[in-house]
Amino acid sequence: MDIRKDIQKRKRLDALFAVLGLLALMVGVLTFCALFAEMALNGMGRIDWSFFTSFPSRRAGEAGILSAWVGSTLVMLTTAFVAVPLGVAAGVYLEEYARRNWVTDLIEINITNLAGVPSIVYGLLALGLFVYQFGLGQSILSAGLTLALLILPVVIVATREAIRSIPQAIREGSYALGATKWQTVRHHILPYSSAGILTGIIIGMARAIGETAPIITIGALTFIAFLPPSPLQATPPFLSFEWLVSPFTVMPIQMFNWTSRPEAAFQVNAAAAGFVLVIMTLAMNGLAIWLRYRLRRNIKW
Amino acid sequence: MSAPDMQMITETLVAKAEVRNLDFYYGDYRALKGISMPVYEHQVTALIGPSGCGKSTFLRCFNRMHDLYPGNRYDGQIVLQPDNADLLARDVDPIEVRMRIGMVFQKPNPFPKSIFENVAYGLRVRGETSRRRIEEKVEQALQDAALFEEVKSRLQEPAYNLSGGQQQRLCIARALATDPELLLFDEPTSALDPIATASIEELIHDLKTRVTILIVTHNMQQAARVSDFTAYMYLGEMIEYGVTDELFIKPKKKQTEDYITGRFG
């Protein structure tokens, strides 16, 4: 009888923690749900086809997010093109090539710290370096490079963690067959870690798409009624990179711009744009989960 | 065993490799102490000894596995015949050594790729691109590893669908596909059940007509069953080396006798 009492006493603590844990979880989840629901309720009515195909306007009812979502897409594209190769290469180097000594330790600590630097600091750095020093101006290229710097630590850390989860036995198996380091990285390390790396990249991108401060710092326009030149051209060489140096705006700045207007109609626009932005972020995270599932299906140790 | 017996048995044999006064250091720790012994061609040589005696460390010197990690140092020579090449020489690239000497690990470690790609990997590393030659080699290696009949209809399936024993035979096929001169086994059956163990042992026995074999085992019965020569190691030293039957029936050293009779270890 005593044993049963004792078990029950201990199990009560078990149940207590389960309840506390659930409450802790709900604080976060419910807060987000409430914010999201309010934004959706306010903004939903404003979302139609013309909202996506119109430039901003002085009249709230005619204003749209065309320049903002095109800008966001192009900036994200630039960010990915820069951050992915640099981040993955750096991660692979640190895990597979670098010797363990105080220099690598120092680099490691720095990378971890960089992930915690406030984004406005990246904005200031970019303003000095990219915009003025390199003369890239207040362009999509400057913004893409700035956000690439911002998410570089995320990509590096994700790459390293994905690589670290590969058992040493796999590496030894490859080396024992006479493979070089690069062959081992190319044929084993990269394919087997690609799921983790991709997840890291997308989470980094999802963070970058919502960044406002550094983009404002380098001087993105808040009101822009034209699109950057198209990357595809009708005449040879068909590809154009002029869009890289074009002025731009992005989704969060468009939102910010609208929320600072006194008219209530613009607040509705802001809510609608916020809703679209959250959906974009959720879609990216969903893609990350799906890709991870797809890529991990065939990999077991 | 008396000297004339050993002489009689080894007279007709050719040494595939000769270990000469080998020391090995993990940093400052001296893990192997002055080991010398021959490895005869087309024979199975077993390394036995209690855990931590350095037998795996010794085995991993043969394909320079220790070069993958910092702070390791070899002293002495492992001379591979017929070209009299010192595998441990500074100017010898470990990759070259590993292209001549295959290895099978303790736990089956197939790559998360198809059965076919696992066996073909060594060939791909060497830049072989002819689809026909790769297919021939893969089939031959799977035959030699006594696995072909079981997997011939599902070569494109992931290797992880195979059972543990099949995975280990796949790893053997993977090592055989590139025609190694010497094949190293690091306790190849320690993760397998008795039936799979028996099939691997049989395979090792059959393979010696093709390749010279050096096997580490913690299982003395296994050493007695599969090997022609046995070396007993203790605390990084080679205590006794000899013909397997002799070493197990009348060991020369008291230490060896204590170990194989189970009084120690």
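Note: the structure precedes this text.
Let us look at the structure shown here. (Residues numbered from 1 in each chain as written. Chains lettered and ligands numbered in written order. Predicted model: local features only at pLDDT ≥ 70, side-chain atom pairs only at ≥ 80, totals over all residues.)

### Quick look at the pairing of strand 2 (residues 29-40) of chain B
The pairing of strand 1 (residues 15-26) of chain B with strand 2 of chain B spans eight bridges and is classified as antiparallel. Each bridged residue has a counterpart across the sheet, and for Glu18 of chain B the counterpart in strand 2 of chain B is Pro38 of chain B. (Pairing = 2+ DSSP bridges. Helix = DSSP H or I, 4+ residues; strand = E, 2+ residues; numbered from the N terminus.)

### What about the packing of helix 5 (residues 119-133) of chain A against helix 6 (residues 140-164) of chain A?
Residue and element names in this part refer to chain A. At their nearest, the axes of helix 5 and helix 6 sit 10 Å apart, and the two run at 135° to each other. Looking at the two axes, helix 5 sits oblique to helix 6. Of the two elements, helix 5 crosses helix 6, and the hand of that crossing is right-handed. Where helix 5 approaches helix 6, its residues Ser119, Tyr122, Gly123, Ala126, Phe130 and Val131 are matched on the opposing element by Ser142, Leu145, Thr146, Leu149 and Leu150. For the contact of helix 5 with helix 6, the residue count by class is seven nonpolar, four polar and no charged. (Axes fitted to C-alpha atoms, helices over the stretch in contact; angles between N-to-C directions. Parallel < 35°, antiparallel > 145°, perpendicular 65-115°, else oblique. Left-handed = near helix turned anticlockwise from the far one by under 90°. Contact = placed C-beta atoms within 7 Å. Nonpolar A, V, L, I, M, F, W, Y, C, P; charged D, E, K, R; others polar.)

### Quick notes on the environment of Leu232 of chain A
Residues and elements named next belong to chain A. Structurally, the position occupied by Leu232 is in the loop between helix 9 (213-217) and helix 10 (251-259). Residue Leu232 is classed as exposed on the basis of its 8 C-beta neighbours within 10 Å. Residues in contact with Leu232, not counting those within four places in the same chain, are Phe238 and Leu239. (Buried ≥ 20, exposed ≤ 12 C-beta atoms within 10 Å, placed from the backbone.)

### Focus on the sheet that holds strand 3 (residues 44-48) of chain B
Residues and elements named next belong to chain B. Strand order in the open sheet made by the six strands is 6-7-8-3-9-10, with mixed pairing throughout. Of all strands in the sheet, those bounded by a partner on one side alone are strand 6 (101-104) and strand 10 (237-243). Ignoring strand direction, the axes of neighbouring strands in this sheet form an average angle of 15°.

### Focus on helix 4 (residues 115-125) of chain B
For helix 4 of chain B, a buried count of eight out of 11 residues is recorded, marking the element as mostly surrounded by other parts of the structure. Listed as buried for helix 4 of chain B are Ile115, Glu117, Asn118, Val119, Ala120, Tyr121, Gly122 and Val125 of chain B. Buried residues belonging to helix 4 of chain B abut helix 8 (181-209) of chain A together with helix 5 (131-144), helix 6 (148-151) and helix 7 (164-176) of chain B. Among the residues trailing helix 4 of chain B, Gly127 of chain B stands out with phi positive, at a value near 85°.

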